[in-house]
Amino acid sequence: GQQLNQSPQSMFIQEGEDVSMNCTSSSIFNTWLWYKQEPGEGPVLLIALYKAGELTSNGRLTAQFGITRKDSFLNISASIPSDVGIYFCAGQLWGYALNFGKGTSLLVTP
Amino acid sequence: DSGVTQTPKHLITATGQRVTLRCSPRSGDLSVYWYQQSLDQGLQFLIQYYNGEERAKGNILERFSAQQFPDLHSELNLSSLELGDSALYFCASSAEGDDNYGYTFGSGTRLTVV
């Protein structure tokens, strides 16, 4: 599958700070998705993006589908301790399974 | 509870052995996907079944096989286990075969090979 480069690998921030992470690919995707994984659980879908340039929000989370269709970013505003987890980007080309990035590990201190 | 059920939650076995991981998809979902998650490789797609038929194959080793039964539950069989097979194995399901609305994941099976 296509290689997804997700950065940063980890972030250690204080409660209340904003967070930004991104994902790039050498190939285009039809869909970009962002998942969050907490310890002992499977990934949970946060946001799905379907059109180049699309900007979508889900509460304090905002994600964008890059105009080139080869990248996406996720922002978390005013972080809280329960935002702790690993965030994965995933790209999908129609007819193929999801390709995942290696994840951004987020730690939030009170 | 995501609606995707995986059993067992933990499995410890010796090298050379064979294990079977089980997945029940969310009610109404026809597609089942298997992913392997290891620390250095992230989530790697193994195989997809749609309504009982193999639909797509990823980085699945020849020692691994899967099937989806008429009731839509799926099993992943891992044989001749090696230390490097230790990982989290996730099952996910979706409604359609080409679903781009994201998958629903189970809680995973943690396999430890000793």
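About the criteria used
- Residues numbered from 1 in each chain as written.
- Chains lettered and ligands numbered in written order.
- Predicted model: local features only at pLDDT ≥ 70, side-chain atom pairs only at ≥ 80, totals over all residues.
- Heavy atoms only, no water.
- Helix = DSSP H or I, 4+ residues; strand = E, 2+ residues; numbered from the N terminus.
- Contact = heavy atoms within 4.5 Å.
- Areas by Shrake-Rupley, 256 points an atom, 1.4 Å probe, with all protein chains shown as cover.
- Lys, Arg positive; Asp, Glu negative; His and termini not counted.
- Charge placed at Lys NZ, Arg CZ, Asp CG, Glu CD.
- Buried < 20%, exposed > 50% of the residue type's maximum accessible area, 1.4 Å probe, protein only.
- Pairing = 2+ DSSP bridges.
- Salt bridge = Lys/Arg side-chain N within 4 Å of Asp/Glu carboxyl O.

Novice: Help me get a handle on the overall build of chain A, residues and values and all.
Specialist: A count of helices and strands for chain A gives zero helices and eleven strands. Of the regular secondary structure in chain A, the N- to C-terminal order runs β-β-β-β-β-β-β-β-β-β-β. With the C-alpha coordinates of chain A rotated into their principal frame, the extents come out at 40 × 30 × 20 Å. In chain A, of all internal contacts separated by at least 6 residues, the share reaching a separation of at least 24 is 52%. Counting only carbon and sulfur atoms, one obtains 54% of the accessible surface of chain A, whose full area is about 5,200 Å². On chain A, the mean spot of the 6 positive side-chain charges and the mean spot of the 8 negative ones are 13 Å from each other.

Novice: Please provide a residue-by-residue account of the pairing of strand β11 (residues 104–109) of chain A, values included.
Specialist: Side-chain positions along a regular strand alternate between the two faces of the sheet. All names here are of chain A. A one-sided burial pattern is seen for β11, the buried positions being Thr104, Leu106 and Val108 and the unburied ones Ser105, Leu107 and Thr109. With five bridges joining them, strand β2 (residues 10–14) and β11 adopt parallel strand pairing. Following the sheet pairing, Met11 is matched in β11 by Leu106. Both strand β9 (residues 85–92) and β11 contribute to a ladder of three bridges, which runs antiparallel. Each bridged residue has a counterpart across the sheet, and for Ile86 the counterpart in β11 is Ser105.

Novice: Describe the pattern of salt bridges, with residues and values.
Specialist: Residue and element names in this part refer to chain B. A full pass over the atoms with the stated rule returns five salt bridges over all chains. For Asp29, the salt bridge goes to Arg26, with nearest N and O atoms at 3.0 Å. For Arg26, a relative accessible area of 34% translates into the label partly exposed. Between Arg63 and Asp85 there is a salt bridge, with the nearest N and O atoms lying 2.8 Å from each other. With Arg63 in the loop between β6 (53–57) and β7 (64–68) and Asp85 in the loop between β8 (74–78) and β9 (87–94), the pair connects residues that are 22 residues apart, well separated along the chain.

Novice: For unusual backbone geometry, give the residues involved together with the corresponding values.
Specialist: A:Pro8 follows A:Ser7 through a cis peptide bond whose omega is -5 degrees. Structurally, the position occupied by A:Pro8 is in the loop between β1 (4–7) and β2. B:Thr7 connects to B:Pro8 through a cis peptide bond whose omega is -10 degrees. Its location among the elements puts B:Pro8 in the loop between β1 (5–7) and β2 (10–13).

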